[in-house]
Amino acid sequence: LIAVPAIAYAGQPFFRSAWGAVRRGHTNMDVPISLGVLIATILSLYETVVGGQHAWFDGALMLLAFLLAGRVLDAMMRDKVRTGVDALLSHAAQGAMVVGEDGTVDWQRAEQLVPGMVIRIAAGERLAADGDILTGVSQFDQSLLTGESTPIASGPGDKVLTGTLNLDAPVDVRVTAVGQDTTLATIARLMDAATQNRSTYVRIADRASQLYAPAVHLLAALSFAGWMITGAGLYQSLVIAVAVLIITCPSALGLAVPVAQVVASGALMRAGIMVKDGSALERLARID
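Just so it is clear, the structure is predicted and the values come from calculations on it, not from any experiment.

Asker: Go over the pairing of strand β3 (residues 118-121), please, and point to the residues and values.
Answerer: Bridge analysis of strand β1 (residues 95-99) against β3 gives three bridges, and the strand direction is antiparallel. Looking at the pairing, V99 lines up with V118 of β3. Both β3 and strand β9 (residues 171-177) contribute to a ladder of four bridges, which runs antiparallel. Note that in β9 the partner of V118 across the bridge is R174.

Structure follows, in C-alpha coordinates:
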(Lines give C-alpha, C1' and ligand atoms only; values in the text may rest on other atoms or scores of the structure.)
Protein backbone atom coordinates (compact mmCIF):
# COMPACT_ATOMS: atom_id res chain seq x y z
CA LEU A 1 0.00 0.00 0.00
CA ILE A 2 2.90 2.36 0.70
CA ALA A 3 5.56 1.19 -1.74
CA VAL A 4 3.57 0.79 -4.96
CA PRO A 5 2.20 4.39 -5.08
CA ALA A 6 5.63 5.68 -4.05
CA ILE A 7 7.35 3.72 -6.84
CA ALA A 8 4.73 4.84 -9.37
CA TYR A 9 5.25 8.49 -8.41
CA ALA A 10 9.02 8.55 -7.87
CA GLY A 11 9.71 6.55 -11.03
CA GLN A 12 7.84 8.90 -13.37
CA PRO A 13 10.95 10.80 -14.64
CA PHE A 14 12.66 7.50 -15.50
CA PHE A 15 9.54 5.85 -16.93
CA ARG A 16 8.80 8.85 -19.19
CA SER A 17 12.41 9.04 -20.37
CA ALA A 18 12.55 5.31 -21.05
CA TRP A 19 9.21 5.29 -22.90
CA GLY A 20 10.26 8.27 -25.00
CA ALA A 21 13.51 6.53 -25.97
CA VAL A 22 11.73 3.26 -26.82
CA ARG A 23 9.14 5.07 -28.94
CA ARG A 24 11.97 6.62 -30.99
CA GLY A 25 13.61 3.26 -31.38
CA HIS A 26 16.51 4.05 -29.05
CA THR A 27 17.67 3.13 -25.57
CA ASN A 28 19.19 5.11 -22.70
CA MET A 29 20.21 4.54 -19.09
CA ASP A 30 16.61 4.89 -17.94
CA VAL A 31 15.37 1.87 -19.93
CA PRO A 32 17.11 -0.86 -17.86
CA ILE A 33 16.36 1.12 -14.67
CA SER A 34 12.64 1.25 -15.52
CA LEU A 35 12.50 -2.41 -16.53
CA GLY A 36 14.31 -3.49 -13.37
CA VAL A 37 12.10 -1.40 -11.08
CA LEU A 38 8.86 -2.49 -12.76
CA ILE A 39 9.71 -6.20 -12.83
CA ALA A 40 11.02 -6.10 -9.24
CA THR A 41 7.77 -4.42 -8.15
CA ILE A 42 5.61 -6.97 -9.99
CA LEU A 43 7.59 -9.85 -8.50
CA SER A 44 7.27 -8.29 -5.05
CA LEU A 45 3.50 -8.01 -5.48
CA TYR A 46 3.40 -11.65 -6.53
CA GLU A 47 5.42 -12.64 -3.45
CA THR A 48 3.06 -10.65 -1.22
CA VAL A 49 -0.06 -12.21 -2.73
CA VAL A 50 1.20 -15.82 -2.44
CA GLY A 51 2.75 -15.27 0.99
CA GLY A 52 6.32 -15.74 -0.22
CA GLN A 53 9.44 -15.07 1.81
CA HIS A 54 10.93 -12.33 -0.40
CA ALA A 55 9.88 -8.89 -1.62
CA TRP A 56 11.99 -6.08 -3.04
CA PHE A 57 9.83 -2.99 -2.54
CA ASP A 58 12.56 -1.41 -0.40
CA GLY A 59 15.24 -2.14 -3.00
CA ALA A 60 13.23 -0.52 -5.82
CA LEU A 61 12.50 2.54 -3.67
CA MET A 62 16.11 2.93 -2.55
CA LEU A 63 17.34 2.76 -6.16
CA LEU A 64 14.87 5.46 -7.18
CA ALA A 65 15.79 7.54 -4.11
CA PHE A 66 19.50 7.56 -4.99
CA LEU A 67 18.87 8.32 -8.66
CA LEU A 68 16.48 11.17 -7.79
CA ALA A 69 19.05 12.52 -5.31
CA GLY A 70 21.48 12.81 -8.20
CA ARG A 71 18.95 14.78 -10.22
CA VAL A 72 18.22 17.06 -7.25
CA LEU A 73 21.92 17.83 -6.81
CA ASP A 74 22.23 18.55 -10.53
CA ALA A 75 19.25 20.94 -10.27
CA MET A 76 20.86 22.64 -7.26
CA MET A 77 23.97 23.40 -9.29
CA ARG A 78 21.88 24.85 -12.12
CA ASP A 79 19.94 26.98 -9.62
CA LYS A 80 23.23 28.35 -8.28
CA VAL A 81 24.18 29.44 -11.78
CA ARG A 82 20.77 31.06 -12.34
CA THR A 83 21.20 32.95 -9.05
CA GLY A 84 24.56 34.16 -10.34
CA VAL A 85 22.92 35.30 -13.59
CA ASP A 86 20.29 37.29 -11.68
CA ALA A 87 22.97 38.83 -9.45
CA LEU A 88 24.98 39.80 -12.53
CA LEU A 89 22.03 41.51 -14.21
CA SER A 90 21.12 43.33 -10.99
CA HIS A 91 24.36 45.34 -11.22
CA ALA A 92 23.13 47.22 -14.28
CA ALA A 93 21.88 50.70 -13.43
CA GLN A 94 18.10 51.17 -13.46
CA GLY A 95 18.41 54.31 -15.56
CA ALA A 96 20.63 57.21 -16.58
CA MET A 97 20.71 61.00 -16.97
CA VAL A 98 20.08 61.68 -20.67
CA VAL A 99 21.66 64.83 -22.13
CA GLY A 100 19.34 66.56 -24.59
CA GLU A 101 20.39 68.45 -27.72
CA ASP A 102 19.82 71.74 -25.86
CA GLY A 103 22.04 70.62 -23.00
CA THR A 104 19.25 69.82 -20.57
CA VAL A 105 19.56 66.66 -18.48
CA ASP A 106 16.65 64.33 -17.79
CA TRP A 107 16.68 60.98 -15.94
CA GLN A 108 15.19 58.07 -17.91
CA ARG A 109 14.75 54.41 -17.13
CA ALA A 110 17.08 51.89 -18.77
CA GLU A 111 14.18 50.52 -20.87
CA GLN A 112 13.70 53.97 -22.42
CA LEU A 113 17.30 54.33 -23.59
CA VAL A 114 18.01 53.89 -27.29
CA PRO A 115 21.28 53.79 -29.25
CA GLY A 116 22.48 57.28 -30.16
CA MET A 117 21.39 58.93 -26.92
CA VAL A 118 24.01 60.73 -24.83
CA ILE A 119 24.01 59.88 -21.14
CA ARG A 120 25.97 61.53 -18.33
CA ILE A 121 27.56 59.18 -15.83
CA ALA A 122 28.56 60.79 -12.53
CA ALA A 123 31.37 59.49 -10.35
CA GLY A 124 30.11 56.56 -8.29
CA GLU A 125 27.42 55.54 -10.81
CA ARG A 126 27.14 52.38 -12.85
CA LEU A 127 26.31 52.37 -16.54
CA ALA A 128 22.86 51.39 -17.75
CA ALA A 129 23.98 50.78 -21.35
CA ASP A 130 27.06 50.11 -23.47
CA GLY A 131 28.56 53.13 -25.18
CA ASP A 132 31.54 55.23 -26.26
CA ILE A 133 32.88 58.12 -24.20
CA LEU A 134 32.34 61.52 -25.84
CA THR A 135 33.79 63.84 -23.21
CA GLY A 136 35.59 63.38 -19.94
CA VAL A 137 38.28 61.07 -18.59
CA SER A 138 37.77 58.70 -15.68
CA GLN A 139 38.68 55.36 -14.13
CA PHE A 140 36.23 52.47 -14.50
CA ASP A 141 35.93 49.39 -12.31
CA GLN A 142 35.26 46.50 -14.73
CA SER A 143 35.76 43.69 -12.20
CA LEU A 144 32.09 42.71 -12.54
CA LEU A 145 32.68 41.63 -16.15
CA THR A 146 36.38 40.80 -16.35
CA GLY A 147 37.40 39.91 -12.80
CA GLU A 148 40.20 42.50 -13.07
CA SER A 149 40.27 44.55 -9.85
CA THR A 150 42.56 47.29 -11.19
CA PRO A 151 40.51 50.26 -12.51
CA ILE A 152 40.79 50.97 -16.23
CA ALA A 153 41.48 54.54 -17.40
CA SER A 154 39.11 55.55 -20.21
CA GLY A 155 38.69 58.73 -22.22
CA PRO A 156 37.05 60.04 -25.42
CA GLY A 157 36.57 57.27 -27.97
CA ASP A 158 36.94 54.44 -25.47
CA LYS A 159 34.18 51.87 -25.06
CA VAL A 160 32.49 51.46 -21.67
CA LEU A 161 30.15 48.65 -20.70
CA THR A 162 26.89 48.18 -18.82
CA GLY A 163 27.32 47.49 -15.11
CA THR A 164 30.83 48.94 -14.85
CA LEU A 165 31.41 51.56 -12.15
CA ASN A 166 32.62 55.09 -12.88
CA LEU A 167 35.11 55.94 -10.14
CA ASP A 168 36.62 59.40 -10.65
CA ALA A 169 34.86 62.03 -12.73
CA PRO A 170 31.66 62.63 -14.75
CA VAL A 171 31.73 61.50 -18.39
CA ASP A 172 29.31 61.81 -21.27
CA VAL A 173 28.70 58.55 -23.12
CA ARG A 174 27.00 57.94 -26.48
CA VAL A 175 24.83 54.82 -26.16
CA THR A 176 25.64 52.00 -28.60
CA ALA A 177 23.74 49.05 -27.10
CA VAL A 178 20.86 48.70 -24.66
CA GLY A 179 18.83 45.96 -22.98
CA GLN A 180 19.49 42.46 -24.29
CA ASP A 181 22.14 43.75 -26.73
CA THR A 182 24.58 44.84 -24.01
CA THR A 183 27.72 42.92 -23.14
CA LEU A 184 26.37 42.26 -19.63
CA ALA A 185 23.16 40.72 -21.00
CA THR A 186 25.15 38.63 -23.48
CA ILE A 187 27.30 37.20 -20.67
CA ALA A 188 24.17 36.46 -18.65
CA ARG A 189 22.64 34.61 -21.63
CA LEU A 190 25.80 32.56 -22.10
CA MET A 191 25.77 31.61 -18.40
CA ASP A 192 22.09 30.69 -18.57
CA ALA A 193 22.66 28.63 -21.73
CA ALA A 194 25.55 26.86 -20.00
CA THR A 195 23.16 25.53 -17.35
CA GLN A 196 21.41 23.54 -20.07
CA ASN A 197 24.64 21.73 -20.94
CA ARG A 198 25.31 18.37 -19.35
CA SER A 199 28.63 17.31 -17.91
CA THR A 200 31.06 15.68 -20.35
CA TYR A 201 31.02 12.44 -18.37
CA VAL A 202 27.23 12.35 -18.33
CA ARG A 203 27.18 12.94 -22.10
CA ILE A 204 29.72 10.14 -22.54
CA ALA A 205 27.54 7.84 -20.43
CA ASP A 206 24.50 8.73 -22.56
CA ARG A 207 26.39 8.00 -25.77
CA ALA A 208 27.76 4.78 -24.33
CA SER A 209 24.28 3.77 -23.23
CA GLN A 210 23.18 3.63 -26.88
CA LEU A 211 25.36 0.52 -27.16
CA TYR A 212 25.58 -0.39 -23.50
CA ALA A 213 21.85 -0.59 -22.77
CA PRO A 214 21.10 -3.06 -25.60
CA ALA A 215 24.05 -5.16 -24.40
CA VAL A 216 22.63 -5.14 -20.85
CA HIS A 217 19.19 -6.17 -22.14
CA LEU A 218 20.75 -8.96 -24.17
CA LEU A 219 22.79 -10.12 -21.17
CA ALA A 220 19.67 -10.13 -18.97
CA ALA A 221 17.74 -12.05 -21.63
CA LEU A 222 20.55 -14.61 -21.96
CA SER A 223 20.70 -14.95 -18.17
CA PHE A 224 16.94 -15.55 -18.09
CA ALA A 225 17.12 -18.09 -20.91
CA GLY A 226 20.16 -19.84 -19.45
CA TRP A 227 18.58 -20.31 -16.03
CA MET A 228 15.31 -21.45 -17.61
CA ILE A 229 17.21 -24.06 -19.61
CA THR A 230 18.95 -25.31 -16.47
CA GLY A 231 15.54 -25.77 -14.81
CA ALA A 232 15.57 -22.85 -12.35
CA GLY A 233 11.98 -21.99 -13.20
CA LEU A 234 10.27 -18.82 -14.39
CA TYR A 235 10.32 -17.03 -11.04
CA GLN A 236 13.99 -17.59 -10.18
CA SER A 237 15.04 -16.81 -13.76
CA LEU A 238 13.17 -13.49 -13.64
CA VAL A 239 14.82 -12.57 -10.33
CA ILE A 240 18.27 -13.16 -11.83
CA ALA A 241 17.41 -11.20 -14.99
CA VAL A 242 16.24 -8.24 -12.90
CA ALA A 243 19.45 -8.37 -10.84
CA VAL A 244 21.47 -8.21 -14.08
CA LEU A 245 19.45 -5.24 -15.35
CA ILE A 246 19.85 -3.18 -12.17
CA ILE A 247 23.42 -4.04 -11.19
CA THR A 248 24.93 -3.54 -14.66
CA CYS A 249 23.23 -0.18 -15.26
CA PRO A 250 25.77 2.72 -15.11
CA SER A 251 23.45 4.71 -12.84
CA ALA A 252 26.33 5.59 -10.48
CA LEU A 253 27.38 8.27 -12.96
CA GLY A 254 23.99 9.90 -12.54
CA LEU A 255 24.69 10.35 -8.82
CA ALA A 256 28.48 10.71 -8.59
CA VAL A 257 28.91 13.44 -11.21
CA PRO A 258 26.27 15.87 -9.80
CA VAL A 259 27.56 15.34 -6.25
CA ALA A 260 31.12 16.16 -7.30
CA GLN A 261 29.95 19.23 -9.25
CA VAL A 262 27.85 20.65 -6.42
CA VAL A 263 30.58 20.18 -3.80
CA ALA A 264 33.31 21.64 -6.04
CA SER A 265 31.21 24.55 -7.30
CA GLY A 266 30.18 25.38 -3.72
CA ALA A 267 33.83 25.48 -2.62
CA LEU A 268 34.74 27.66 -5.59
CA MET A 269 31.78 29.97 -4.94
CA ARG A 270 33.03 30.54 -1.39
CA ALA A 271 36.42 31.40 -2.88
CA GLY A 272 34.85 34.03 -5.14
CA ILE A 273 34.79 31.96 -8.34
CA MET A 274 31.51 31.42 -10.17
CA VAL A 275 31.15 28.14 -12.06
CA LYS A 276 28.89 28.53 -15.09
CA ASP A 277 29.19 25.01 -16.53
CA GLY A 278 29.88 21.57 -15.06
CA SER A 279 32.34 20.80 -17.86
CA ALA A 280 34.40 23.80 -16.72
CA LEU A 281 35.34 21.80 -13.61
CA GLU A 282 36.57 18.97 -15.82
CA ARG A 283 38.71 21.37 -17.87
CA LEU A 284 39.97 23.00 -14.67
CA ALA A 285 41.56 19.69 -13.68
CA ARG A 286 43.82 19.87 -16.75
CA ILE A 287 45.25 23.37 -16.33
CA ASP A 288 48.86 23.93 -15.25
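The structure having been displayed, the exposition proceeds.
Asker: Please provide a residue-by-residue account of the packing of helix α2 (residues 12-23) against helix α3 (residues 30-50), values included.
Answerer: Put simply, α2 and α3 touch, their axes get as near as 8 Å, and they point 120° apart. As judged from the angle between their axes, α2 and α3 are oblique. Crossing of α2 over α3 shows left-handed handedness. Between α2 and α3, the residues in contact are F14, F15, S17, A18, A21 and V22 and D30, V31, S34, V37 and L38, respectively. Among the residues making up the contact of α2 with α3, the classes are represented as eight nonpolar, two polar and one charged.

Asker: With reference to specific residues and values, describe the pairing of strand β2 (residues 105-109).
Answerer: The pairing of β1 with β2 spans five bridges and is antiparallel. Directly across from A96, in β2, lies its bridge partner Q108. Hairpin remark: β1 followed by β2, antiparallel, with five residues in the connecting loop; positive phi at G103, about 90°.

Asker: An account of the nonpolar core is requested, with residue identities and associated values reported.
Answerer: Grouped together as the largest cluster of nonpolar side chains are 18 residues, with contacts concentrated most on L113, I119 and V173. Other than its neighbours up to four places away in sequence, L113 contacts A96, V98, Q108, I119, A128, A129 and V178. By size, the runner-up hydrophobic cluster in this structure holds eleven residues, among which are V37, L63, L64 and L67.

Asker: Please provide a residue-by-residue account of the sheet that holds strand β8 (residues 165-166), values included.
Answerer: In space, the three strands of this open sheet follow the order β6-β5-β8, with antiparallel pairing throughout. Each edge of the sheet is formed by a strand with only one pairing partner; in this case those strands are β6 (152-154) and β8. Taken together, the three bridges between strand β5 (residues 138-141) and β6 define a ladder with antiparallel strand orientation. Each bridged residue has a counterpart across the sheet, and for S138 the counterpart in β6 is S154.

Asker: An account of the packing of aromatic side chains is requested, with residue identities and associated values reported.
Answerer: A ring pair, where both rings are aromatic, is described by two values, the distance of the centres and the angle of the planes. Going through the model one piece at a time under the given rule, you end up with one aromatic pair. Aromatic side chains Y46 and Y235 sit 5.8 Å apart centroid to centroid with 40° between the ring planes, which places their arrangement in the tilted category. Of this pair, Y46 sits in helix α3 while Y235 sits in helix α8 (residues 234-247), placing them 189 residues apart in sequence.

Asker: Account for the sheet that holds β1, with residues named and values stated.
Answerer: Pairing is antiparallel across the open sheet formed by six strands, whose spatial order is β2-β1-β3-β9-β4-β7. Either end of the sheet is taken by a strand with one partner, and the two such strands are β2 and β7 (159-160). Where strand β4 (residues 130-135) lies against β9, five bridges are found, and the strand directions are antiparallel. Each residue of the ladder has a partner; that of T135, found in β9, is D172.

Asker: Residues and numbers for the side chain of D172, please.
Answerer: Tracing the backbone through its elements, the reader meets D172 in strand β9. Take D172: its relative accessible area is 13%, and that puts it in the buried class. A polar atom in the side chain of D172 sits 2.8 Å from the side chain of R120. If we ignore the near neighbours within four places in the chain, the residues touching D172 are V99, V118, I119, R120, D132, I133, L134 and T135.

Asker: So, a nonpolar patch on the surface: which residues are in play, and what are the values?
Answerer: Taken together, the side chains of Y46, V49 and V50 make up a nonpolar region of the molecular surface, amounting to roughly 330 Å² of accessible area. Structurally, V49 can be placed in helix α3.

Asker: Tell me about the packing of α3 against α8, and please be specific about residues and values.
Answerer: Closest axis-to-axis distance for the α3/α8 pair is 9 Å, and the angle between their directions is 150°. The handedness of the crossing between α3 and α8 is left-handed. The segment α3 lies against α8, with P32, L35, G36, I39, A40, L43, Y46 and E47 engaging Y235, L238, V239, V242, L245 and I246.

Asker: An account of the pattern of salt bridges is requested, with residue identities and associated values reported.
Answerer: This model, assessed by the stated rule, comprises two salt bridges. With a shortest N-O distance of 3.0 Å, E111 and R109 are connected by a salt bridge. Relative accessible area serves as the criterion here: at 39%, R109 is assigned to the partly exposed category.

Here is what the cut-offs are and how they apply
- Residues numbered from 1 in each chain as written.
- Predicted model: local features only at pLDDT ≥ 70, side-chain atom pairs only at ≥ 80, totals over all residues.
- Heavy atoms only, no water.
- Pairing = 2+ DSSP bridges.
- Helix = DSSP H or I, 4+ residues; strand = E, 2+ residues; numbered from the N terminus.
- Axes fitted to C-alpha atoms, helices over the stretch in contact; angles between N-to-C directions.
- Parallel < 35°, antiparallel > 145°, perpendicular 65-115°, else oblique.
- Left-handed = near helix turned anticlockwise from the far one by under 90°.
- Contact = heavy atoms within 4.5 Å.
- Nonpolar A, V, L, I, M, F, W, Y, C, P; charged D, E, K, R; others polar.
- Core = buried A, V, L, I, M, F, W, Y, C linked by side-chain atoms within 4.5 Å.
- Buried < 20%, exposed > 50% of the residue type's maximum accessible area, 1.4 Å probe, protein only.
- Phe/Tyr/Trp six-rings, centres within 6.5 Å; stacked < 30°, edge-to-face > 60°.
- Polar contact = N/O pair within 3.5 Å; in protein donor to acceptor, adjacent residues only side chain to side chain.
- Patch = residues over 30% accessible without salt bridge, like charges linked within 9 Å, V, L, I, M, F, W, Y side chains within 5 Å.
- Areas by Shrake-Rupley, 256 points an atom, 1.4 Å probe, with all protein chains shown as cover.
- Salt bridge = Lys/Arg side-chain N within 4 Å of Asp/Glu carboxyl O.

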